[in-house]
Structure formats: C-alpha cells, structure tokens
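Structure assessment
Listed below are the residues making up each chain.
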Amino acid sequence: MTIRNTGSGDVDPAVRQELERLRESIDNIDAAVVHMLAERFKCTQQVGRLKAVHQLPPADPDREARQIERLRSLAANAKLDPAFAEKFLNFIIAEVIRHHESIAEDTANGQPA
C-alpha cells in the first residue's frame, strides 16, 4: 500500500505506521462487507426464484418497510447514521427487486428459475 503525502514535509514514521495499520483494517472490513453482500445476494436470488415459480410479486413493500425500520434501529444502536443505513438498504433493495423482476421474466419465458 502506498501512502501519498499531500502536505509539505515528511510524514512522521509513527504516523505513517498508524495510517498503515488503520488502512489495513479498513481493507479487511471492506473485503468482509463484499463477501457478506455476496452471501446476501445468493439468498435473495433464491427468494427471487421461489417468488417467480409461485408467481409472487418481485417486491414486497411491507417487508421492505419493516427491514428499513429494523436497519435504522440497528444503525442507531451501533452509532451509525440511520439515514445512511436507510439509503444503503434502499440501494440494496432496488438491486434485489431488479434481480427478482429479471428472474420472474425469465421464468415466464420458460427459462429455468
């Protein structure tokens, strides 16, 4: 990992070391988030196939509202901005619905779910 010094002069080696340590943790967390999202989407793909086979609608506004409230509460308890958590979940929900619509269309056209 390269640290660019945007200020003037050299960076204190102790500061550089602490930046490296923190950035390594951030990189590990980012990797975990990506893997968690991948697992989540594997599950939502299965939900989409189940909905398509049983001709259920791709979206479930009641469930989505409950999930948003649940995530906002979790975020507040974790000292994370609930509005940010809601925006993040809304982004994920929109992608899930897009996947479910695609799966439903494929199923309706005779492609395997």
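Our subject is the structure listed above.
The rules behind these values
- All residue numbers here refer to positions counted from 1 along the written sequence of the relevant chain.
- Only residues with pLDDT of at least 70 are given local features in this predicted model, and only at 80 or more are side-chain atom pairs given and counted; all residues enter the totals for whole chains, interfaces and linings.
- To get the side-chain values, all heavy atoms of the structure are used, and hydrogens and water are removed first.
- The helix count covers DSSP runs of H or I at least four residues long, the strand count covers runs of E at least two residues long, and both are numbered beginning at the N terminus.
- Computation of the radius of gyration draws on C-alpha atoms, with the globule rule given as 2.2 Å multiplied by the number of residues to the power 0.38.
- The buried label applies to any residue whose accessible area, calculated with a 1.4 Å probe on protein chains only, is under 20% of its type's maximum; exposed applies above 50%, and partly exposed to all values in between.
- Only the protein chains shown count as cover for residues, with accessible areas throughout obtained via the Shrake-Rupley method and a probe of 1.4 Å.
- His is not counted, nor are the chain ends, whereas Lys and Arg count as positive and Asp and Glu as negative.
- All charge positions are set by atom: Lys at NZ, Arg at CZ, Asp at CG, Glu at CD.
- Each axis is a line fitted through C-alpha atoms, taken for helices only over the stretch in contact, and angles between the N-to-C directions span 0 to 180 degrees.
- Note: crossing handedness is left-handed where the near helix turns anticlockwise from the far helix by less than a right angle, and right-handed where it turns clockwise.
- Two residues form a contact once any of their heavy atoms are found within 4.5 Å.
- In this count, Pro and Cys sit with the nonpolar residues alongside Ala, Val, Leu, Ile, Met, Phe, Trp and Tyr, while Asp, Glu, Lys and Arg are called charged and the others, Gly among them, polar.
- For this document, the term salt bridge refers to a Lys or Arg side-chain nitrogen within 4 Å of an Asp or Glu carboxyl oxygen.
- Expected helix span is computed as 1.5 Å times (number of residues minus one).
- A 3.5 Å cut-off defines polar contacts: any pair of N or O atoms within that distance qualifies, except that in protein one atom must be a possible hydrogen donor and the other a possible acceptor, and neighbouring residues in sequence count only when both atoms are side-chain atoms.
- Stacked, tilted and edge-to-face are the three classes applied to pairs of Phe, Tyr and Trp rings, where Trp contributes its six-membered ring and a pair requires centres within 6.5 Å; stacked means planes under 30 degrees apart, edge-to-face means over 60, and tilted covers the rest.
- Patches here are clusters of residues that have more than 30% relative accessible area and form no salt bridge, with a 9 Å joining cutoff for like charges and a 5 Å cutoff for nonpolar side chains (Val, Leu, Ile, Met, Phe, Trp, Tyr).

Scanning the protein from N- to C-terminus turns up three helices and zero strands. When the elements of the protein are put in sequence order from the N terminus, they spell out α-α-α. The globule rule puts the C-alpha radius of gyration for 113 residues at 13 Å, and the 21 Å found for the protein is more than 25% above it. C-alpha extents for the protein along the principal axes are approximately 65 × 30 × 20 Å. Burial analysis of the protein (113 residues in total) assigns 17% to the buried set. Only carbon and sulfur atoms are counted for the fraction: they give 56% of the accessible area of the protein, which is about 8,700 Å². Taken together, the 15 basic and 18 acidic charged side chains of the protein have centroids lying 3 Å from each other.

What follows concerns the packing of helix α2 (residues 61-77) against helix α3 (residues 82-108). Closest axis-to-axis distance for the α2/α3 pair is 8 Å, and the angle between their directions is 145°. The crossing of α2 and α3 is right-handed. Residues E64, Q67, I68, L71, R72, A75 and A76 of α2 form the contact with α3, whose own contacting residues are P82, A83, A85, E86, L89, N90, I93 and I97. In the contact of α2 with α3, the residues fall into ten nonpolar, two polar and three charged.

Here we come to the side chain of E64. Within the secondary structure, E64 is located in helix α2. No salt bridge forms around the buried E64; measuring N to O, its nearest opposite-charge neighbour K51 is 6.1 Å away. In this structure E64 touches A59, I93 and I97, once residues within four positions along its chain are discounted.

Between its first and last C-alpha atoms helix α1 (residues 13-53) spans 60 Å; for 41 residues at 1.5 Å apiece the expected length is 60 Å, and the two agree. The complete set of buried residues in α1 reads F41, T44, G48, K51 and A52. Looking at the packing, one finds that the buried side of α1 touches α3. Capping the start of α1, D12 holds a side-chain oxygen 2.6 Å from the backbone nitrogen of A14, two or three residues further along.

In the structure shown here, the tally under the stated rule is one aromatic pair. Seen in terms of ring centroids, F84 and F88 are 6.3 Å apart; in terms of plane orientation they differ by 20°. Their pairing is stacked. Taken together, the residues span about one helical turn, with F84 and F88 both in helix α3 at a distance of four residues. Residue F84 is classed as partly exposed on the basis of its relative accessible area, which comes to 45%.

Right, let's talk about a positive patch on the surface for a bit. Taken together, R40, R63, R66 and R70 make up a surface patch of like positive charges. Element by element, the count of residues in the positive patch is highest for α2, at three residues. Looking at where R66 falls in the secondary structure, it is placed in helix α2.

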